[in-house]
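What the coordinates show
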Amino acid sequence: MHDRLANLLGAASLAVTDLVLAEATRAAEVSASGAGALVVLAGAPGLGVTELGRRVGLTQSAAARMLDGLEAAGFARRDRGPGRAVRVRLTTAGERAVDAMLTARGTPLAAALSGLDAGERDQLATLLGKLLTRLYAEIGDADVMCRLCDRACCTRGAVCPVGQAERDAHAGGAGGETSPEPS
């Protein structure tokens, strides 16, 4: 037997994802993985190609090909580090593309929420915080979960539930280390 609430969540999740990705990729004329990579690099400049790929769900070779496209578009550049290390950074055009994507991403999200009154929006925020905390327990990686997040808006006047879940998980682990606010 299927749960109606789970089915509704699945349908809403896919619809929102489709709308957000369509707007974000249109704004910068990049693929979904390219959009994710640009946003990731905005929050974590200097990542290696392999780590960038991991965060957007690509193998190292697929990440390198995606990065070739971002470089050709003038959005990113590879910098040689010590030894064989290669670090990836956004260009000024890449920074502008991230701003355009995050603005475009916000449009369908705001439209989706426009039918809710203030109380319903507060309730939804609370419920989504719980849901994201639970999803972090399953996924275990804030960098992956928040790859298309507008990190500044998530932490303005509030605590990011994914970032808090990650800090809590690390505090419960060896040495009580915490990681920086992922989103």
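Residues numbered from 1 in each chain as written. Predicted model: local features only at pLDDT ≥ 70, side-chain atom pairs only at ≥ 80, totals over all residues. Heavy atoms only, no water.

**Observations concerning a nonpolar patch on the surface**
Convention followed: To count toward a patch, a residue needs a relative accessible area above 30% and no salt bridge. Like charges then connect within 9 Å, nonpolar side chains (Val, Leu, Ile, Met, Phe, Trp, Tyr) within 5 Å. Computed with a 1.4 Å probe, the accessible areas rest on the Shrake-Rupley method; for each residue, only the protein chains presented here act as cover. Counted as salt bridges are all cases of a side-chain nitrogen of Lys or Arg within 4 Å of a carboxyl oxygen of Asp or Glu. Secondary structure elements follow DSSP: runs of H or I no shorter than four residues count as helices, runs of E no shorter than two count as strands, and numbering proceeds from the N terminus. Relative accessible area decides the class of each residue, using a 1.4 Å probe on protein chains only: under 20% of the type maximum gives buried, over 50% gives exposed, and in between gives partly exposed.
A cluster of nonpolar side chains, contributed by Leu9, Leu128, Leu131, Leu132, Leu135 and Ile139, occupies part of the molecular surface with about 440 Å² of accessible area. Per element, the largest residue contribution to the nonpolar patch is five residues, and it comes from helix H6 (residues 118-139). With respect to the helices, strands and loops of the structure, Leu135 is situated in helix H6. Since its relative accessible area comes to 34%, Leu135 is described here as partly exposed.

**Looking at the pattern of salt bridges**
Counting across every chain of the model gives 10 salt bridges. The partner of Arg54 in a salt bridge is Asp141, and the shortest N-O contact between them spans 2.1 Å. One end of the pair, Arg54, is in helix H3 (residues 49-56); the other, Asp141, is in the loop between H6 and helix H7 (142-145), and 87 residues separate them in sequence. Here Arg54 falls in the partly exposed class, since its relative accessible area comes to 35%.

**A short note on the side chain of Arg55**
The condition is simple: Polar contact criterion, stated in full: a pair of N or O atoms within 3.5 Å, where within protein one must be able to donate a hydrogen and the other to accept it, and residues adjacent in sequence count only if both atoms are side-chain atoms. The contact rule is simple, with two residues in contact once any of their heavy atoms fall within 4.5 Å.
Structurally, Arg55 can be placed in helix H3. The exposure class assigned to Arg55 is buried, which follows from its relative accessible area of 11%. Reaching out from Arg55, the side chain makes a polar contact with the side chain of Glu51 at a distance of 2.8 Å. A distance of 3.2 Å separates polar atoms of two side chains, one belonging to Arg55 and the other to Asp143. Not counting residues within four places of it along the chain, the set of residues in contact with Arg55 comprises Val40, Ala44, Leu47, Asp143, Val144 and Arg147.

**Let's talk about the nonpolar core**
Let me state the cut-off plainly: To form a nonpolar core, buried Ala, Val, Leu, Ile, Met, Phe, Trp, Tyr and Cys residues must be joined to one another through side-chain atoms within 4.5 Å.
Counting 29 residues, the largest nonpolar core has Val30, Leu38, Leu52, Leu70 and Met101 as its most contacted members. Sorting the residues of this core by element identifies helix H1 (4-28), helix H2 (32-43), H3, helix H4 (60-72), strand S3 (86-90) and helix H5 (92-113) as the ones contributing at least two each. Counting residues per element, this core draws most heavily on H2, at six residues. Residues contacting Leu38, with those up to four places away along its chain left out, are Val30, Leu70, Phe75, Leu90, Ala97, Val98 and Met101.

**Looking at the sheet that holds strand S1 (residues 47-48)**
Test applied: Pairs of strands are assigned from DSSP output, requiring at least two bridges between the strands. Helix axes use the C-alpha atoms of the stretch in contact, all axes being lines fitted to C-alpha atoms, and the angles between their N-to-C directions lie in the range 0 to 180 degrees.
An order of S1-S3-S2 is seen for the three strands of this open sheet, with the pairing classed as antiparallel. Lying at the two open borders of the sheet, with one neighbouring strand each, are S1 and strand S2 (76-80). Examined bridge by bridge, S2 and S3 share five bridges and lie antiparallel to one another. Considered in S3, the bridge of Arg78 is made with Val88. Along the sheet face, H4 touches S2 and S3 and points at about 115° away from the line of S2.

**Comments concerning the state of the cysteines**
How we decide: By convention in this document, the label disulfide applies to cysteine sulfur atom pairs within 2.5 Å.
What the rule picks out here adds up to zero disulfides. Cysteine Cys146 shares no disulfide, and the gap to the nearest cysteine sulfur, in Cys149, comes to 3.9 Å.

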